[in-house]
Amino acid sequence: MNDLRRGLVLLGLLIAINGWSQLPDENENSGWQLGASYKGDLVSNVNGGITTGTNYLGLADLYIAHSGLWKGAEFLVHGANSHGGEPSANLIGDFQVVSNIEAGNHTFLYELWYKQTIQSLRMTIGLQDLNAEFASSDVAAIFLNSSFGIHSVISDNITAPIFPLTSPGITICQNLAEHWCLKTAFYKGCPIDFEGNPYNVKWNLNHLQGLLWVSESQLKWSGPNESQSALKSGVFFHQHCPESEVVNTETGNTLSFDYGVYLVGDHQWEIGNDLNHQLNIFYQFGISPRNDNIGYFGAGCTYTGIFSKIGADELGLAMAWGMLTPERGRDELTFELTYMVPVAEHIYLQPDIQYVVNPGATGTLLKNATVGLLRLGMEF
């Protein structure tokens, strides 16, 4: 109940902030933008996993952005508060994590960056989320399981700057053609954990330790019947942190570095030349041959406008397969069925069911878990 109470207080605060942000601006071209969002998940493990039970968890985000100070300049400050239970850690025991807002109880700085665009070149420097630029799928964004946002070959194997703990870096994006761009980034690949850095304002900038390099090619194209497609392929290299050794359980060798490759595809088709009704599919693939979580494959489909004439609702079905070495345990396979529907302006509900085969985070054999989730979302 304390977690739910805390969520309601934060929700009221964000509504008040939204009301303030809607007041008339004397200078409409000032370039300032204030935004807020809240997500609350009620998660119940019906059977299997570590134990049955129900948790509430929430995530509040507040950001202030500015653009137009000079040509091509953007600036962002993004803070967050996560609160509530940790169902994957305490109830389910899955390493792919059924709720993508599970993070424990923290208030922290999430992003703080400056972006400069000069013609076809864009550079971002500061505190960044790797997943905002790399290895992401627009189609998969509706799903609640964490692997559909950033797949486990990255999140489970290396200390990447992703939610909830980001780190400083430099990202460069070059548009080579109208629909083709190359991105590359260098991050501090050893974020200091919340125990030693509770608000994420303490950064170790020693470039000789924990360097993470990511590079990705993005290609987008249009097809017949207003179809849209995107293909992203990338590679990463991570120099492990001296304070957090990684050991391959198959060989017993300590790994001083890791690398991997990945592929993400999105395809969207209009149904009957109607923008409000779309069939969409996605697929994700990753491999990191030196790790215990050696590979990942995810795929799914969504349909917008299944019950709504204006395309406001969305139904999705997907699977996430985390491939493990025999020494680590059995592969973890998760199926997710989700449905998102708006209930008022800026507010949506999202009932969700996930079935987790071989939850693999604990190192012990667990029964398959059946998990029900209900998300309340507000975006201003």
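Here, every reference points to the structure presented above.
Here's what I pulled together on the structure shown here. Note that the structure is predicted; figures quoted are calculated from it, not measured.

The rules we used
- Along each chain, numbering runs from 1 in the same order as the chain's sequence is written.
- Side-chain atom pairs in this predicted model are given and counted only at pLDDT of 80 or more, local residue features only at pLDDT of at least 70, and totals for whole chains, interfaces and linings cover all residues.
- Hydrogens and waters are ignored; side-chain quantities use all the structure's heavy atoms.
- Strands are treated as partners if at least two bridges between them are detected by DSSP.
- A run of DSSP states H or I qualifies as a helix once it reaches four residues; a run of E qualifies as a strand once it reaches two. Both are numbered from the N-terminal end.
- Points on a 1 Å grid, built from protein atoms alone, make a cavity when a 1.4 Å probe fits but cannot get out and make a pocket when they are open with protein on both sides within 12 Å along at least 5 of 7 lines; residues with an atom within 4 Å of a point are the lining residues.
- Grid points are joined across faces, edges and corners, and a volume is the space filled by probe spheres set on the points.
- Gly is put with the polar residues, along with every residue not named as nonpolar or charged; the nonpolar set is Ala, Val, Leu, Ile, Met, Phe, Trp, Tyr, Cys and Pro, and the charged set is Asp, Glu, Lys and Arg.
- Note on aromatic pairs: the rings of Phe, Tyr and Trp (six-membered ring only in Trp) are paired at centre separations within 6.5 Å, and the planes decide the class, stacked below 30 degrees, edge-to-face beyond 60, tilted for the rest.
- Categorising residues by exposure relies on relative accessible area from a 1.4 Å probe, with only protein chains included: less than 20% of the type maximum marks a residue as buried, more than 50% marks it as exposed, and the intermediate range marks it as partly exposed.
- Whether a charge sits over a ring comes down to the Lys NZ or Arg CZ being within 6 Å of the ring centre and within 35 degrees of the ring normal.
- What we call a nonpolar core is a set of buried Ala, Val, Leu, Ile, Met, Phe, Trp, Tyr and Cys residues that are connected through their side-chain atoms within 4.5 Å.
- Only heavy atoms matter for contacts: two residues are in contact if any of them lie within 4.5 Å across the pair.
- A residue counts toward a patch only above 30% relative accessible area and without a salt bridge, and it is joined to like-charged neighbours within 9 Å or, for Val, Leu, Ile, Met, Phe, Trp and Tyr, to nonpolar neighbours within 5 Å.
- Only the protein chains shown count as cover for residues, with accessible areas throughout obtained via the Shrake-Rupley method and a probe of 1.4 Å.
- Every case where a carboxyl oxygen of Asp or Glu lies within 4 Å of a side-chain nitrogen of Lys or Arg is listed as a salt bridge.

## Examining the pairing of strand E2 (residues 53-67)
Pairing between strand E1 (residues 32-49) and E2: 14 bridges, direction antiparallel. When the sheet's bridge partners are listed, Ser37 is paired in E2 with Asp61. Between E1 and E2, which pair antiparallel one after the other, the connecting turn spans 3 residues. Where E2 lies against strand E3 (residues 73-84), 11 bridges are found, and the strand directions are antiparallel. Bridging from a neighbouring strand, Ile64 pairs with Val77 of E3. The loop that links E2 with its antiparallel partner E3 comprises 5 residues; one of these, Gly68, has a positive phi angle of about 90°.

## Structural notes on empty space enclosed by the protein
Taken as a whole, this structure holds 1 cavity of 30 Å³ or more when the rule is applied. Size it by volume and the largest cavity reaches roughly 40 Å³. Lining the largest cavity are Thr166, Ser167, Pro168, Lys188, Cys190, Pro191, Ile192, Asn197, Asn200, Lys202, Trp203 and Asn204. Each residue belonging to the lining of the largest cavity can be placed in one class, and the counts come to 5 nonpolar, 5 polar and 2 charged.

## Looking at the packing of aromatic side chains
Evaluated as defined, the whole model comprises 9 aromatic pairs. Taking the centre distance of 6.0 Å and the plane angle of 80° together, the rings of Tyr110 and Phe163 count as edge-to-face. Residue Tyr110 is found in strand E4 (residues 106-118), and its partner Phe163 is found in the loop between helix H3 (152-155) and strand E6 (167-177); the two are separated by 53 residues along the sequence. Given a relative accessible area of 8%, Tyr110 falls into the buried group. You can call Phe163 partly exposed: its relative accessible area is 22%. Each ring, one from Phe237 and one from Phe257, has its centre 5.5 Å from the other, and the planes form 25°; the classification is stacked. Remark: Phe257 occurs in strand E12 (residues 257-271) and Phe237 occurs in strand E9 (residues 228-239); sequence separation between them is 20 residues. Look at Phe257 and you get partly exposed, because its relative accessible area is 30%. Across from the ring centre of Phe257, 4.2 Å away, lies the NZ or CZ of Arg290, which sits over that ring.

## Points about the nonpolar core
Ranked by internal contacts, the top residues of the largest apolar core, which has 25 residues, are Leu130, Phe148, Ile154, Val214 and Tyr262. At the level of elements, H3, strand E7 (180-188), strand E8 (211-222), E12 and strand E15 (314-324) are the ones that each hand at least two residues to this core. Not counting the four nearest positions on each side in its chain, Val214 is found in contact with Leu130, Phe134, Lys183, Thr184, Ala185, Tyr187, Val235, Phe236 and Tyr262. If you look at the next biggest cluster of nonpolar residues, it comprises 17 residues, including Val98, Leu144, Ala369 and Val371.

## Looking at a nonpolar patch on the surface
Taken together, Leu42, Val343, Leu349, Leu374 and Leu376 make up a surface patch of nonpolar side chains, about 370 Å² in accessible area. The residue Val343 is located in strand E16 (residues 332-344) in this model.

## Here we look at the pattern of salt bridges
Applying the stated criterion to the full structure yields 5 salt bridges. Its salt-bridge partner being Asp41, residue Arg375 comes within 2.7 Å of it at the nearest N-O pair. Within this pair, whereas Arg375 is found in strand E18 (residues 367-379), its partner Asp41 is found in strand E1, the two being separated by 334 residues in sequence. Look at Arg375 and you get buried, because its relative accessible area is 3%. In this structure, Lys183 and Glu133 form a salt bridge, with 2.5 Å as the shortest nitrogen-oxygen distance. Note that Lys183 is positioned in strand E7 and Glu133 in the loop between strand E5 (121-128) and H3, a separation of 50 residues in sequence. Taking the relative accessible area as the measure of exposure, Glu133 reaches 11% and is therefore buried. A network of salt bridges, in which partner residues are shared, links Arg122, Glu133 and Lys183.

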